[in-house]
Structure formats: structure tokens, C-alpha cells
Amino acid sequence: MKRGLLLLNAIILTIGGCGGPMVMRLYFLHGGNRVWLSSWLETGGWPINFIPLLVTYLNRRHKEGPAAKLIFMRGPLFFASILIGVLTGLDDYLYAYGLDRLPVSTSTLVIASQLAFTALFAFILVKQKFTPYSFIAIVLLTVGAGILAIHTSSDRPEGESSKEYYMGFIMTVAASVLYGFVLPLIELTYKKARQAITYALVLEIQLVMCFVATLFCTVGMAIPREARDFGLGKTTYYVVLVCSGIAWQGFFLGAIGVIFAGSSLLCGIIIAVLLPMTEILAVFFYKEKFTPEKGVCLVLSLLGFVSYFYGELKSDKEKSEADQTPEAETPRASSAIITGMIADA
């Protein structure tokens, strides 16, 4: 059941992770220039969460009758969700600011460094364990982003000053650091919650987080008057805004679901895996430059992905073999038995 939920959320995360940046960049390319509006749209689709919440409630109602709970969230978890929502809103602004000034392909590659920050904060906050393969993956992704940082000016959009371009680069890195902290913070919230964490409760957390993040971005958002001047037409302008909100909500919904069914590090890995896909889409649809530096970064990223997933497969195989070994013959099993006896005493 949990594997199916993990797969479903990974698919939702993939669609949102690729679609969100592409649609947002489309807005900026054709005359949109409201950074606060773009950041607002990243979580502005929060009412979509009512759909899966309604489905889960109706399912509980069918099984439990009128006694089925409508809301699971308690006070401490509610306030934790508010805090994460504020951080998410700030991250939305940083990311939108960066994407306004960077090509999608460059922005996506910079965001790859998020994995290193996710790994660091996961180690600090939730004591994430690393294998040599996951460590190699993190190093390769970080080195790739560093190579790109050294040669950033080669794909600066026409008419944009060096100062604006570098500010976009810095803001994107800041967004990467902040979201690298937010993912393990969500996992820590799950672990520290003084109540059972169910998927319905995860959806409630997502709803509160995105609502608060949207309020945060609303403070700086002015009412746009740019629809009539949008390069693709007024109707397309509003379609782009709606699609952006839906895509980004899919990203956040998938991310929080993957953390629930897997871990924050796995979520960071999946987000990084989307890098090549978004890179190729940006070059194909927006005719962005594919420089040698991006090629090197892309290769290193792919090698990092392969290293991580090979390590995971090897770890799963070793666990499976260990489970088939008689417990009495393994020191770990003996230790577990002794620990259980002490606990019983």
C-alpha cells in the first residue's frame, strides 16, 4: 500500500516538478514580470487539496459511519505547519525571482545543488544515514552545480544586465538552500508529532502550509494589469496562470507525499532526477542554449542519479538476504533480542 502511495506521489511530483518551471518561464518570456504573482501561484492552487481530502473523508465515512473524524490535525502540528508555510512562501519568492532572470535550463541545474543541502539538513535534523553511493551522488551533483556557477554569463538573456543575472543566480541558490532545509523539516515534523501520521493528516498539513505560503506571497503581490499586453494573448495569459498554479500544487503535494511514504532525502533525489527532463524540455521548447558547461553538469547529475539508485538497490538486496538468514545466526538479531528482553523487564 505504501509503495503504491509512494509511486503515485512520485508521479505527481514529476509532473509538477517539470511542468511548474516550464509554465512559469513561459509567463516571463511573453511579457509577464510580476515576481510576487509568480511566487503566489506556486502555492495559490492550495484549494486543490480539498479534492483528495474529500475522497479520504468519504472513504472513512463509508467504513466508520457518522463517527468518522473530519479533521485530524492538533494544535502543535498546526503551528508547525504555519512555520513551514512561511518558509515555503519565502522560498517561492526566491525561486520566482531567480527564474525571472535565468533560463529554465540554468535555473534547473542550479537547483540540483538542493540535494546537497537536503542531505546535510537531513543528517542534522532526522539523523539520515548515508551509504557510499548516496555520498557519491551528492558530491557529483554539487560539483556539477559548481561548474555551472563558474561559467554562468554564457547564457545571460539578451537585454539583461550582469547585475540582474547574478542576482537571479544568487536568489536561486538561496531558494535551493532554503528548500533543502524545508524538506527535512517536514520529515522532522512527522517524527515529532504526538499523533499518528496518516495520509489524510499529511494532506491537512499540505493544505495549511500552502495556504499560509499563499498569504505570505499575497502581502507583496499587486493586482496585475498585464493580461492585455501578454505576448500570447489575454486568454492564454489566464490559462498560463491557472496551469502554473495547478502544476506547482502537484509539485508540493507530491513532495510532501514522498516524504510521508519515503524520506526527505528520497524526495530530494527525485526532484534532482527531474533535472535532465526539465533541461531537455527547456532546450526543445524555448530554444535555450545548451552550453558545454551544462552538458558536463548534466552528465555528472546523471552519474549521481545512477550512483544513488544503485546504492538503494544494493541496500534492499542486502536487507532481503539478511531477512532470509536465521535470526539466531546474526549478531544484529541477538542484539535485538537482548534489547527486547531489557525493554520487557
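Residues numbered from 1 in each chain as written. Predicted model: local features only at pLDDT ≥ 70, side-chain atom pairs only at ≥ 80, totals over all residues. Heavy atoms only, no water.

The test is simple: UniProt positions are given in the numbering used here, feature names are shortened, and annotations may be inferred rather than shown by experiment.
The chain carries the name Probable purine permease in an unreviewed UniProt entry, which gives Rhododendron simsii as its organism. Under the UniProt heading Subcellular location (unreviewed entry), the note attached to the chain is "Membrane". In the Sequence similarities (unreviewed entry) part of its UniProt record, the chain is described as follows: "Belongs to the purine permeases (TC 2.A.7.14) family."

### A few points about the overall build of the chain
Operational definition: Numbering goes from the N terminus for both helices and strands, where a helix is a DSSP run of H or I of at least four residues and a strand is a run of E of at least two. Throughout, exposure labels follow a simple rule: accessible area from a 1.4 Å probe, protein chains only, divided by the maximum for the residue type, with under 20% read as buried, over 50% as exposed, and the rest as partly exposed. For this analysis, residues touch if any pair of their heavy atoms sits within 4.5 Å. Only the protein chains shown count as cover for residues, with accessible areas throughout obtained via the Shrake-Rupley method and a probe of 1.4 Å.
Of regular secondary structure, the chain possesses 13 helices and zero strands. Listing every helix and strand of the chain by position from the N terminus yields α-α-α-α-α-α-α-α-α-α-α-α-α. A buried classification covers 50% of the 345 residues belonging to the chain. Of the contacts formed within the chain by residues at least 6 apart in sequence, a portion of 85% connects residues at least 24 apart. For the chain, the accessible area works out to roughly 17,300 Å², and carbon and sulfur atoms hold 69% of it.

### Digging into the packing of aromatic side chains
Two aromatic rings are characterised by how far apart their centres lie and by the angle between their planes. Heads up, the rule is: For Phe, Tyr and Trp, where Trp contributes only its six-membered ring, two rings pair if their centres lie within 6.5 Å, and the inter-plane angle classes them as stacked under 30 degrees, edge-to-face over 60, or tilted in between.
On inspection of all chains with the given rule, the structure shows 21 aromatic pairs. Judged by centre distance (5.1 Å) and plane angle (65°), the ring pair of Tyr27 and Phe28 falls under edge-to-face. For the pair Tyr27 and Phe28, a shared accessibility class is recorded, and that class is buried. Taken together, a centroid distance of 6.4 Å and an interplanar angle of 50° make the contact between Trp36 and Phe216 tilted. Pair noted here: Trp36 is in helix 2 (residues 35-43) and Phe216 is in helix 9 (residues 199-219), with a separation of 180 residues, a long-range link.

### Things to note about the packing of helix 4 (residues 75-101) against helix 8 (residues 162-192)
The cut-off we apply is this: Every axis corresponds to a line fitted to the C-alpha atoms, with the helix fit spanning only the stretch in contact, and the corresponding angles, defined between N-to-C directions, vary from 0 to 180 degrees. Angular relationships are summarised with four words: roughly parallel below 35 degrees, roughly antiparallel beyond 145, roughly perpendicular across 65 to 115, and oblique for the angles in between. Two helices cross in a left-handed way if the nearer one is turned anticlockwise from the farther one by less than a right angle. They cross in a right-handed way if the turn is clockwise. Basically, the charged four are Asp, Glu, Lys and Arg, the nonpolar ten are Ala, Val, Leu, Ile, Met, Phe, Trp, Tyr, Cys and Pro, and anything else, Gly included, counts as polar.
It is at 7 Å that the axes of helix 4 and helix 8 come closest, and there the two elements cross at 155°. On the basis of the axis angle, helix 4 is roughly antiparallel to helix 8. Of the two elements, helix 4 crosses helix 8, and the hand of that crossing is left-handed. Here the residues of the contact of helix 4 with helix 8 sort into 21 nonpolar, five polar and three charged.

### Some thoughts on the environment of Glu226
Take Glu226: it is sitting in the loop between helix 9 and helix 10 (234-261). Judged by its relative accessible area of 8%, Glu226 is buried. In the structure, Glu226 is positioned 192 residues away from Arg34 in sequence and 9.0 Å away in space, judged by C-alpha atoms. Not counting the four nearest positions on each side in its chain, Glu226 is found in contact with Tyr27, Gly31, Gly32, Asn33, Arg34, Leu37 and Tyr237.

### Considering the side chain of Glu187
Under the convention used in this document: In this tally, Lys and Arg are treated as positive and Asp and Glu as negative; His is ignored, and so are the chain termini. Salt bridges are defined by distance alone: a side-chain nitrogen of Lys or Arg within 4 Å of a carboxyl oxygen of Asp or Glu.
Checked against the element boundaries, Glu187 lands in helix 8. It is Lys191 that comes nearest to the buried, bridge-free Glu187 among opposite-charge side chains, at 4.1 Å. Excluding residues that lie within four positions of it along the chain, Glu187 makes contacts with Val126, Ile259, Ser263 and Ser264.

### Notes on the environment of Leu99
With respect to the helices and strands, the residue Leu99 is situated in helix 4. Sequence separation of Leu99 and Met22 is 77 residues, and the distance between their C-alpha atoms is 9.9 Å. Apart from residues lying up to four places away in sequence, Leu99 is in contact with Pro21, Met24, Arg25, Phe28, Val104, Ser107 and Thr172.

### With respect to the packing of helix 2 against helix 10
For the pair helix 2 and helix 10, interaxial distance at closest approach is 6 Å and the crossing angle is 50°. Viewed along their axes, helix 2 and helix 10 adopt a mutual orientation that is oblique. Each of Leu37, Leu41, Glu42 and Thr43 in helix 2 lies in contact with helix 10, whose residues at this interface are Tyr237, Leu241, Ser244, Gly245, Trp248, Gln249 and Phe252. Each residue belonging to the contact of helix 2 with helix 10 can be placed in one class, and the counts come to six nonpolar, four polar and one charged.

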